[in-house]
Amino acid sequence: MVGYKSKVAEQIHLPSRTKRERALEEAGYNVFNLDSEDVFIDLLTDSGTGAMSDEQWAALFRGDEAYAGSRSFGELEDAVADVMGFSHVVPAHQGRGAENVLYGSLVEEGDVVPNNTHFDTTRAHIANQGADPVDCPVDDARDPAADGPFKGNTSLERARAVVEEHGPERVPVVVQTITNNSAAGQPVSVENSRAVREFADEIGASFVIDACRFAENAYFVTEREDEFADASVADVAREQLGLADAVVMSGKKDGLANAGGFVATDSDALYESCKQRAILYEGFPTYGGMAGRDIAAMAVGLREAVDEAYVADRVGQVQELADALESVGVPIYTPAGGHAVYLDAGAFLSHLEPEAFPGQALVCELYREGGVRGVELGSFAFPDTDRPELVRLALPRRTYHREHLEHVAETAAAVLERREDVSGLEIEEEPEMAEIRHFTATLEPTGSS
Ligand SMILES: *Cc1c(COP(=O)(O)O)cnc(C)c1O
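Keep in mind it's a predicted model, so treat the numbers as computed, not measured.

> Teacher, can you tell me more about the site of the ligand here?
Not every one of the 14 residues close to the ligand is listed here, only the nearest: Gln94, Arg96, Asp210, Ser250 and Lys253. The backbone of Gly95 places a nitrogen or oxygen atom 2.9 Å from an oxygen atom of the ligand. Considered on its own, the ligand offers 380 Å² of accessible surface; in the complex 97% of this is hidden by protein. Among the elements that take part in the shell around the ligand, helix H4 (residues 95–106) stands out by supplying 3 residues, more than any other. Broken down by class, the residue content of the shell around the ligand amounts to 2 nonpolar, 6 polar and 6 charged.

Dropping the structure here:
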């Protein structure tokens, strides 16, 4: 049962088909280039795009904008202590700012950092330290059809192999991302987090949890891990996060805020070094690049994220979209993740080779057909890797309603109907850095030039 009702409404509209065709062409078949006004249902990301609660909006008004010693920062410290169990907090403007602060303190040139799967910005920040980020997912993580309760888990076998190859002295930190965003938002079990904790102790490394979606992860644990069948989401969250030496957080995810992030730890030494680095890159450590009001809203959001009704509705809505899509025959990654449904574009547009970017072609057709914006996570976004061709439909928190989800499923079904007529795409212009080309590159239908 949905545990909230709407108090503010934002109008959205579906532009005419002619308008959508033109917008798509002008955007160079890259939906990052669309104006949001031309998008009807925006499932590009769940990052900072959700609806805040009335309590969060009230907190915005009460925000304390003092440069040092802000009361709003005190509220964040209290929320982090209560919800996550850490005594020290270093705020940052968003998750990647927190990553810069934390990994800049923990990682040195020549190091190797295992993670169940590095999220893009995590990978980039570790690489930026001159270190080597290594993914250690379980075997099934990249198989869209495999069943399993915790496909987001870390493969201890792979992590051990990394240490054997490079030596424990080169591995200062082991990271675990919950949920595993780059593996279709799949959850990680507490049992697996415990095993990573033990492994980190064995090799004398720190254990960091990327906690961006810790509440969604905790919800899955209560549903799928026997030991926690009767536990609350809040209890699981503290249990799991308590295994780590530090957490890195984007407030735009399970902080239920539109901006913000932080590092949290109990280690006095790590806190000190993070603080110094934060002053350099983010701001004085009681605001860290955020407005006091945004800190206040994030503090409230953290508490709301572990509310049972909220998180059950949140994960339930993603499942609802997955069910609606499956019922009309759309191939999806199973089971559904915590924040998004991933379409299996390779199966959907099976007549297109990876070189013709089936995922990007599907993204464009979803927009053309129904004004729905998703994002490609396949051979366009990840050149030279053999990932499955996925299209992510991420649900902003507390934003869309059942009718919207039905529209998305109907749109996908209409594209499925005419899938054989969908042509592939080729790149027209791309930036120098291939790793981030999907944000700005322009494309055109194959054979059109
Ligand atoms: C979003 C995200 C980040 C980065 O956070 P930003 O707020 O976008 O900078 C890091 N890790 C994971 C798993 C994420 O989902």
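> Even after reading the chapter, I still don't get the packing of helix H8 (residues 214–224) against helix H9 (residues 233–241), so can you show me in this structure?
For any two helices packed against each other, the geometry is given by the interaxial angle and the distance between the axes. At a minimum axis distance of 8 Å, the contact between H8 and H9 shows a crossing angle of 110°. Classed by the angle they form, the pair H8 and H9 counts as roughly perpendicular. Contact residues: H8 offers Phe214, Ala215, Asn217, Ala218, Tyr219, Val221 and Thr222, while H9 offers Val233, Val236, Ala237, Gln240 and Leu241. Among the residues forming the contact of H8 with H9, the class breakdown is 9 nonpolar, 3 polar and no charged.

> Is there a simple way to think about unusual backbone geometry in this case?
What is expected of a backbone is that most residues other than glycine have negative phi and most peptide bonds are trans. In the segment running from Ile178 into Thr179, the intervening peptide bond is cis, with an omega of -20°. Along the chain, Thr179 falls in the loop between strand S5 (173–177) and helix H7 (190–203). In this structure, the amide linkage connecting Thr334 to the following residue, Pro335, adopts the cis form with an omega of -15°. Its place among the elements puts Pro335 in the loop between helix H12 (308–327) and strand S9 (340–344). Despite not being glycine, Leu256 has its phi angle at roughly 55°, a positive value. For Leu256, the position within the fold is in the loop between strand S7 (246–250) and strand S8 (261–265).

> Teacher, can you tell me more about the domain arrangement of the protein chain here?
How big an interface is tends to be expressed through the accessible area that disappears when the partners come together. Here the protein chain is partitioned into domain 1 (17–39 + 308–445) and domain 2 (54–305). Listed per partner, the contact involves 21 residues of domain 1 and 34 residues of domain 2. Summed over both partners, the interface of domain 1 with domain 2 buries about 2,200 Å², with 51% contributed by carbon and sulfur atoms. Our count for the domain 1 to domain 2 interface comes out at 4 salt bridges. Across the salt bridge formed by Asp254 and Arg397, the nearest N and O atoms sit 3.4 Å from each other. The tally of links between domain 1 and domain 2 comes to 15 residue pairs in polar contact (both at pLDDT 80 or more). Those elements giving two or more residues to the side of domain 1 that touches domain 2 turn out to be H12 and S9. The biggest single contributor to the side of domain 1 that touches domain 2 is H12, with 6 residues. Residues of the side of domain 1 that touches domain 2, tallied by class, amount to 10 nonpolar, 4 polar and 7 charged.

> Any chance you could explain the sheet that holds S9 here in plain terms?
Strand pairing within a sheet occurs via backbone hydrogen bonds; the two strands may be parallel or antiparallel. As summarised here, the arrangement of the 3 strands in space is S9-S12-S11, forming an open sheet in which the pairing is antiparallel. Edge positions in the sheet fall to S9 and strand S11 (375–377), since each of these pairs with one other strand and no more. Going across the sheet, the axis of each strand differs from the next one's by a mean of 35°, ignoring polarity. Inspection of the sheet shows S11 paired to strand S12 (residues 390–394) by 3 bridges, in the antiparallel sense. Paired with Val375 across the two strands is Arg392, which belongs to S12. Packing of H12 onto the sheet brings it into contact with S9 and S12, and relative to S9 it is tilted by some 25°.

> How should I be thinking about the pairing of strand S4 (residues 132–135) in this particular structure?
Each regular strand carries side chains that alternate between the two faces of the sheet. By the alternation rule, side chains of S4 split into Pro133 and Asp135, which are all buried, and Asp132 and Val134, of which none is buried. Pairing between strand S3 (residues 112–115) and S4: 4 bridges, direction parallel. In the sheet register, Val113 faces S4, and the bridge partner there is Pro133. Note on the crossover from S3 through helix H5 (residues 120–128) to S4: the handedness is right-handed.

About the cut-offs
Residues numbered from 1 in each chain as written. Predicted model: local features only at pLDDT ≥ 70, side-chain atom pairs only at ≥ 80, totals over all residues. Heavy atoms only, no water. Near = heavy atom within 4 Å. Polar contact = N/O pair within 3.5 Å; in protein donor to acceptor, adjacent residues only side chain to side chain. Areas by Shrake-Rupley, 256 points an atom, 1.4 Å probe, with all protein chains shown as cover. Helix = DSSP H or I, 4+ residues; strand = E, 2+ residues; numbered from the N terminus. Nonpolar A, V, L, I, M, F, W, Y, C, P; charged D, E, K, R; others polar. Axes fitted to C-alpha atoms, helices over the stretch in contact; angles between N-to-C directions. Parallel < 35°, antiparallel > 145°, perpendicular 65-115°, else oblique. Contact = heavy atoms within 4.5 Å. Domains from an automatic or database assignment. Buried area = accessible area lost by both parts, 1.4 Å probe. Salt bridge = Lys/Arg side-chain N within 4 Å of Asp/Glu carboxyl O. Pairing = 2+ DSSP bridges. Buried < 20%, exposed > 50% of the residue type's maximum accessible area, 1.4 Å probe, protein only. Right-handed = clockwise from strand over helix to strand, strands pointing away.

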